Amino acid sequence: MYKADNVRDFAFGSSRKFIWDAMGVKIEGSPVPTVMAMSYYPKEANPLYGHLSTEAVAHTLRVYSKHTIPYPYPVAISVEASNGMEYPMICFNYGRPEKDGTYSERVKYGMLGVIIHEVGHNFFPMIVNSDERQWTWMDEGLNSFCQFLAEQEWDRNFPSNGGQARNIVGYMKADKEVQNPIMTNSESIIRFGPNAYTKPATALNILRETVMGRELFDFAFREYARRWAFKHPTPYDLFRTMEDASGIDLDWYWRGWFFTTDNVDISLDAVTEFRLDTKNPEVEKPLASKRSKEQLERDVTYQNNKRDIAATAVERNEALKDFYNTYDPNAPAPTDKDRYEKYIAGLGPKERAIIEAKKNYYQLDLSNEGGLVMPLVLKFEFEDGTSEIQRIPAEIWRMNDKKISKVFAFAKPVKQVILEPQEETADVNVENNYYPRRPIPSRFEVFKQEGFTRGASMGSKPMQQAQQQKKPTAAIN
Ligand SMILES: [Zn+2]
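Just so we're clear, the structure is a prediction, and the values are computed from it rather than from any experiment.

So, on to the overall build of the chain. When helices and strands are tallied, the chain shows 17 helices and 12 strands. The C-alpha radius of gyration of the chain comes to 33 Å, more than 25% above the 23 Å expected for a compact globule of 477 residues. A principal-axis box enclosing the C-alpha atoms of the chain has dimensions of 120 × 70 × 45 Å. In the chain, buried positions account for 44% of the 477 residues. Put simply, 70% of the contacts in the chain that link residues at least 6 apart link residues at least 24 apart. A total of about 26,900 Å² of accessible surface is found on the chain, and carbon and sulfur atoms cover 52% of it. Positive and negative side-chain charges in the chain, numbering 61 and 66 respectively, have mean positions lying 3 Å apart.

Okay, here's the thing in structure tokens:
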């Protein structure tokens, strides 16, 4: 007889060929002292399944428990199968090598990804019991998000599909005709993969990395899992819990990312440099003198006359000159210093500090082309080769969600401003993210520069080739 508590479904696997392995996992806070992570697989799934499956189950339980609630069931089982499917405590995952025991990178990471995903479904929707038929994204999206966290904690170079903002750009900039808002009933979704899995997973990762920060996000997300374990949350329960557990108003974020098909395309339209007029004759007069000389040197008539007029009247005849032929209006005059000292004395300490700071001021004009308001992540590259990143919360858009301006002050002169330098907000158009504008390599050039993409190399069989090279060849005798 089989018995299980707090489950909403069941499944079993049976085969006389099953190899059965298991390991104990201690989960802090779990009502079960030692959870057993297990795998069932035929010998044809080795060496891959025997090497990695049970470890991947244990890893999933640890990482998900850390980000949600401690795993409450006594076992978690991964059964080798032709596809991926989830049930309480048991799931079915592919992962079979070639007959010679080698396997491609695609099969290895595909297997790890599917095991993490299907074991992860224990948390969403088996424990946090949302309605899959109404809101697929509530289990698939939240699970894909946690899957991304677990994959990246398994291997820093894990080729994850969901999570990273750049991976959702293709979908979000596609024709709106083939998109639905995430908040669409499951029966009506056009493209399940990006809509219910990747986009909500990415939206949560952006909340974590860019909008809320990891500490606050992780606390609020755990709180959602804790409050709604073995209950039936709706999307609004997730939205409200994330807000009231963190104390952050996220209505704008849910509205944009979950209820519309808008995308992120913030344009850095202009950067205007402002110089403070110091009124100090020793600073301002040499500057004015330099500027008027430069203006004269640029002037076409002045330049052509230098070539065509051998000598002007005053050059031919010194007697025509008077005071104003040698007078420099930009030369410091005796009265200047007095006037400046009076001016400084009339200022308050605040104004004086601004003058003494000797800052360079830059006004940035930005516009919202894609519809979604987002925090601004700005990288300032200075003329001396150093750089600095500044993060401005999305509230900057609250009075005008189409156009904004903001002034920044730096001790060093700025050479280049880059919007979204760490590819974290899924900005669909990077051409308008640089000021001054930068040529963006075309798709063809990018491909050439980077060589083969990860996806392309995954289909090849380097493991098999390496093994064949090691074998002595039969043709010798
Ligand atoms: Zn799933």
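Right, let's get into the nonpolar core. Core analysis: the largest hydrophobic core is formed by 106 residues, its most contacted members being Trp137, Trp257 and Leu364. It is helix α1 (residues 48-67) that provides the largest number of residues to this core, a total of 9 residues. Ignoring sequence-local partners within four residues, the contact set of leucine 364 consists of Leu268, Ala270, Val271, Leu378, Phe380, Ile404, Ser405, Lys406, Phe408 and Val417.

Moving on, we get to the layout of surface pockets. Estimates place the volume of the second largest pocket at around 980 Å³. Looking at the second largest pocket, it is lined by 40 residues, and the ones nearest its centre are His117, Gln147, Glu151, Asn161 and Gly162. Elements supplying a minimum of two residues to the lining of the second largest pocket: β4 (85-86), α2 (105-120), α4 (136-154), α6 (192-211) and α16 (454-458).

Quick look at the packing of α1 against α4 now. Helices that pack against each other are described as a pair by the angle of their axes relative to one another and the distance between those axes. Packing of α1 against α4 brings their axes to within 9 Å, and their N-to-C directions diverge by 115 degrees. For the pair α1 and α4, the sense of crossing is right-handed. On α4, the residues touching Leu52, Glu55, Ala56, His59, Val63, Tyr64, Lys66 and His67 of α1 are Asn143, Cys146, Gln147, Leu149, Ala150, Glu153 and Trp154. Looking at the contact of α1 with α4, its residues break down into 8 nonpolar, 4 polar and 3 charged.

Here we take up the coordination of the zinc ion. Looking at the metal site, the zinc ion is ligated by His117 (NE2), His121 (NE2), Glu140 (OE) and Glu140 (OE), spaced 2.0 to 2.7 Å from it. Angles of 54 to 152 degrees at the metal separate the 4 donor atoms of the zinc ion, which places the site in the irregular class. Positions of the donor residues of the zinc ion along the chain correspond to the pattern H-x3-H-x18-E. For the pair histidine 117 and histidine 121, a shared accessibility class is recorded, and that class is buried.

Turning next to helix α8 (residues 235-246). Spanning 12 residues, α8 covers 17 Å between terminal C-alpha atoms, matching the ideal 16 Å at 1.5 Å per step. In terms of burial, α8 is a largely internal element, 9 of the 12 residues being buried. Among the residues of α8, those classed as buried are Pro235, Asp237, Leu238, Phe239, Thr241, Met242, Glu243, Ala245 and Ser246. Packing partners of the buried residues in α8 comprise α4, α7 (214-228) and α9 (251-259).

Per-residue pLDDT for the chain has a mean of 92; in total, 95% of the residues score no lower than 70. Across residues 450-458, where pLDDT falls below 50, the model places 12 contacts with residues more than four positions away in sequence or in other chains. Throughout residues 473-477 the model reports pLDDT below 50, and contacts reaching past four residues in sequence, or to other chains, amount to 0 contacts.

Per the stated rule, a full pass over the model turns up 30 aromatic pairs. Judged by centre distance (5.6 Å) and plane angle (80 degrees), the ring pair of tyrosine 71 and tyrosine 73 falls under edge-to-face. No difference in accessibility class separates tyrosine 71 from tyrosine 73, as the two residues are buried. On the basis of an interplanar angle of 75 degrees and a centroid distance of 5.4 Å, the ring pair of phenylalanine 145 and phenylalanine 217 is categorised as edge-to-face. Here the residue phenylalanine 145 occupies a position in helix α4, and phenylalanine 217 occupies one in helix α7, the gap between them amounting to 72 residues. Taking the relative accessible area as the measure of exposure, phenylalanine 145 reaches 1% and is therefore buried. An aromatic cluster of at least three residues, connected via ring pairs, comprises Trp137, Tyr236, Phe239, Trp252, Tyr253, Trp254, Trp257, Phe258 and Phe259. Sitting over the face of the ring of tyrosine 343, lysine 279 holds its NZ or CZ atom 5.9 Å from the ring centroid.

On to unusual backbone geometry, then. In this structure, the amide linkage connecting asparagine 46 to the following residue, proline 47, adopts the cis form with an omega of 10 degrees. The residue proline 47 is located in the loop between β2 (35-41) and α1 in this model. The residue alanine 426 is not glycine, and still its phi comes out positive at about 65 degrees. As for its placement among the helices and strands, alanine 426 is situated in the loop between β11 (414-419) and β12 (434-435). Since its relative accessible area comes to 2%, alanine 426 is described here as buried.

Mapped onto the elements, serine 53 comes out in helix α1. Given the relative accessible area of 0%, serine 53 is considered buried. Engagement of the side chain of serine 53 in a polar contact is seen with the side chain of serine 39, the distance being 2.7 Å. Residues in contact with serine 53, not counting those within four places in the same chain, are Ser39, Leu48, Ser78, Met111 and Ile115.

Cut-offs applied
Numbers given to residues run from 1 along each chain, matching the order in which its sequence is written. Two thresholds apply to this predicted model, a pLDDT of at least 70 for residue-level local features and 80 or more for giving and counting side-chain atom pairs, whereas whole-chain, interface and lining totals are computed over all residues. For the side-chain quantities, the full set of heavy atoms in the structure was used; hydrogens and water were omitted. Strands here are runs of E lasting at least two residues and helices are runs of H or I lasting at least four, both read from the DSSP assignment and numbered beginning at the N terminus. Based on C-alpha atoms, the radius of gyration is set beside the globule rule, defined as 2.2 Å times the residue count to the power 0.38. Each residue is assigned to one of three classes by its accessible area relative to the maximum for its type, calculated with a 1.4 Å probe on protein chains only: buried under 20%, partly exposed between the two thresholds, exposed over 50%. Throughout, a contact is declared for two residues whenever any of their heavy atoms are within 4.5 Å. Reported accessibility uses the Shrake-Rupley method at a 1.4 Å probe radius. Residues are deemed covered only where the shown protein chains occlude them. The charge count includes Lys and Arg as positive and Asp and Glu as negative, but it does not include His or the ends of the chains. Charge coordinates come from a single atom per side chain, which is NZ of Lys, CZ of Arg, CG of Asp or CD of Glu. Here, the term nonpolar core denotes a set of buried Ala, Val, Leu, Ile, Met, Phe, Trp, Tyr and Cys residues that are joined through side-chain atoms within 4.5 Å. Here a cavity is any set of points on a 1 Å grid over the protein atoms alone where a 1.4 Å probe fits but cannot get out, and a pocket is any open set with protein on both sides within 12 Å along at least 5 of 7 lines; a residue lines the site when it has an atom within 4 Å of a point. Grid points are joined across faces, edges and corners, and a volume is the space filled by probe spheres set on the points. A fitted line through C-alpha atoms serves as each axis, taken over the contacting stretch for helices, and the angle formed by two N-to-C directions is quoted from 0 to 180°. Should the near helix be turned anticlockwise from the far one by less than a right angle, the crossing is left-handed, and should it be turned clockwise, the crossing is right-handed. Note on residue classes: Ala, Val, Leu, Ile, Met, Phe, Trp, Tyr, Cys and Pro are nonpolar, Asp, Glu, Lys and Arg are charged, and everything else, Gly too, is polar. Distances decide who is a donor: an N, O or S atom must be within 2.8 Å of the metal, or within 3.2 Å for Na, K and Ca. Water is not included, so sites may look incomplete. In these descriptions, tetrahedral denotes four donors with every angle between 85 and 135 degrees, square planar four donors and octahedral six donors with opposite donors over 155 degrees apart and the rest between 65 and 115, and irregular any other case. By this rule the span expected of a helix is its residue count minus one, scaled by 1.5 Å. A residue's pLDDT is simply how confident the predictor is in it, with values from 0 to 100. Here a pair means two rings of Phe, Tyr or Trp (six-membered ring of Trp) with centres within 6.5 Å. Their orientation is stacked below 30 degrees between planes, edge-to-face above 60, and tilted elsewhere. Ring-over charges, as used throughout, are those where CZ of Arg or NZ of Lys falls within 6 Å of the ring centre and within 35 degrees of the ring normal. Residues adjacent in sequence count toward polar contacts only when both atoms are side-chain atoms; beyond that, a polar contact is any pair of N or O atoms within 3.5 Å, and within protein one must be able to donate a hydrogen and the other to accept it.

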